[in-house]
Amino acid sequence: MSTNQHRLRDVEPRLSHRDAKALFFALADEELPPPQAQAVRSHLDGCDECRAGWVRYEQTVQRVRQVGREKAPAALASMVLTRVKRERRFGLRKLHLAHVYYRFPVEVLIPVLLAAAVAAFLVMSAA
């Protein structure tokens, strides 16, 4: 293998703007593997548009991290937990009913019912 082919194989493909911006979240949280983080940083070094977006995103993340955490009032926390438990208990029934309602849209159901009514009328009138 020539040295040019070897170098081409080792070079990371350049990221598109969309791919780089999609990785901002993981980059800010330092969750990217080193090669991928390096690819994003290389893209940011060469792309003014993405670099400006990254600066805005990083500033926003830093501001959010500086906000102190507040504890919810006990009454609110209790209401939320009660509602979550109720949804878990009855959620399967609601999911099943939603599946039944949306599985046969009205636009499909009406012609089928009309066809069945016409077929029944023809069968009864032929007898």
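Calculation criteria
Sequence order as written defines residue numbering, which begins from 1 separately in each chain. The model is predicted, so local features are restricted to residues of pLDDT at least 70 and side-chain atom pairs to those at 80 or more, both for listing and for counting; the totals for chains, interfaces and linings are taken over all residues. Computation of side-chain values covers all heavy atoms of the structure but excludes hydrogens and water. Each nonpolar core is a collection of buried residues, namely Ala, Val, Leu, Ile, Met, Phe, Trp, Tyr and Cys, held together in the definition by side-chain atoms within 4.5 Å. Accessible area is worked out with a 1.4 Å probe on protein chains only. A residue is then buried under 20% of its type maximum, exposed over 50%, and partly exposed in between. Each helix is a run of H or I in the DSSP string that is no shorter than four residues. Each strand is a run of E no shorter than two, and both are numbered from the N terminus. Should any heavy atoms of two residues lie within 4.5 Å, those residues are considered in contact. Here a helix's expected span is defined as the number of its residues, less one, multiplied by 1.5 Å. Note that the arc is computed from the directions linking the helix axis to the C-beta atoms. The angle between two axes is taken between their N-to-C directions and runs from 0 to 180 degrees, where each axis is a line fitted to C-alpha atoms and a helix contributes only its stretch in contact. Here the angle decides the label: under 35 degrees means roughly parallel, over 145 means roughly antiparallel, 65 to 115 means roughly perpendicular, and every other value means oblique. Crossing handedness is defined as follows: a turn of the near helix away from the far one that is anticlockwise and smaller than a right angle gives a left-handed crossing, while the clockwise case is right-handed. Like charges are joined within 9 Å and nonpolar side chains (Val, Leu, Ile, Met, Phe, Trp, Tyr) within 5 Å, but only among residues with over 30% relative accessible area and no salt bridge; these make up the patches. Calculation of accessible area relied on Shrake-Rupley with a 1.4 Å probe; when residues are assessed, cover is drawn exclusively from the protein chains displayed. Here a salt bridge means any side-chain nitrogen of Lys or Arg lying within 4 Å of a carboxyl oxygen belonging to Asp or Glu. Any two cysteine sulfur atoms lying within 2.5 Å of each other are counted as a disulfide.

J.: Honestly, the nonpolar core in this entry has me stumped. Any pointers?
T.: Side chains that are nonpolar tend, in soluble globular proteins, to be buried together. Counting residues in each nonpolar core, the largest one holds 16 residues, and the members touching the most others are Leu15, Leu23, Leu27, Leu32, Val40, Leu44 and Trp54. Residue assignment for this core shows that the elements contributing at least two residues are helix H3 (24–28), helix H4 (34–46) and helix H5 (48–66). Apart from the residues within four sequence positions on either side, Leu23 is in contact with Leu15, Leu32, Gln36 and Val40.

J.: Even after reading the chapter, I still don't get H5, so can you show me in this structure?
T.: For H5, which comprises 19 residues, the first-to-last C-alpha distance of 27 Å matches the rise-based estimate of 27 Å (1.5 Å per residue) to within 8%. Along H5, the positions that sit buried rather than exposed are Cys50, Gly53, Trp54 and Val61. Each buried residue of H5 sits inside an arc of 100° when the element is viewed along its axis, so together they form one side. In H5, the exposed positions angled more than 90 degrees off the buried face are occupied by Asp48, Arg56, Arg63 and Gln66. In this structure, the buried side of H5 is in contact with helix H2 (17–22), H3 and H4.

J.: When you look at the side chain of His43 in this model, what are you seeing that I'm missing?
T.: You can see His43 is positioned in helix H4. Under the relative-accessibility criterion, His43 is labelled buried at 5%.

J.: Any chance you could explain the packing of H4 against H5 here in plain terms?
T.: If you want to describe how two helices pack, look at the angle between their axes and the distance between the axes. At a minimum axis distance of 6 Å, the contact between H4 and H5 shows a crossing angle of 115°. As judged from the angle between their axes, H4 and H5 are roughly perpendicular. Taken as a pair, H4 and H5 cross one another with a handedness that is left-handed. Counted together, His43, Leu44, Asp45 and Gly46 of H4 and Asp48, Cys50, Arg51 and Trp54 of H5 form the full contact between these two elements.

J.: What should I look at first to understand a nonpolar patch on the surface in this one?
T.: Taken together, the side chains of Leu76, Met79, Val80 and Val84 present a nonpolar region at the surface, about 350 Å² in accessible area. Relative to the elements of secondary structure, Leu76 occurs in helix H6 (residues 74–103).

J.: What should I look at first to understand the state of the cysteines in this one?
T.: Throughout this description, disulfide means a covalent bond between two cysteine sulfur atoms. Counting across every chain of the model gives 0 disulfides. Left unpaired, Cys47 is separated from the closest cysteine sulfur, that of Cys50, by 3.5 Å.

J.: Would you mind showing me how to read the pattern of salt bridges here?
T.: Side-chain pairs of opposite charge can arise where the charged atoms are in close proximity. Within the structure shown, the criterion is met by 3 salt bridges. Lys21 is paired through a salt bridge with Glu49; the nearest N and O atoms lie 3.3 Å apart. In this pair, Lys21 is assigned in helix H2 and Glu49 in helix H5, connecting sequence segments 28 residues apart. Overall, the relative accessible area of 38% leaves Lys21 in the partly exposed class. The residue Asp29 makes a salt bridge to Arg65 at a minimum N-O spacing of 2.7 Å. With Asp29 in the loop between H3 and H4 and Arg65 in helix H5, the pair connects residues that are 36 residues apart, well separated along the chain. The class for Arg65 is partly exposed, based on a relative accessible area of 47%.

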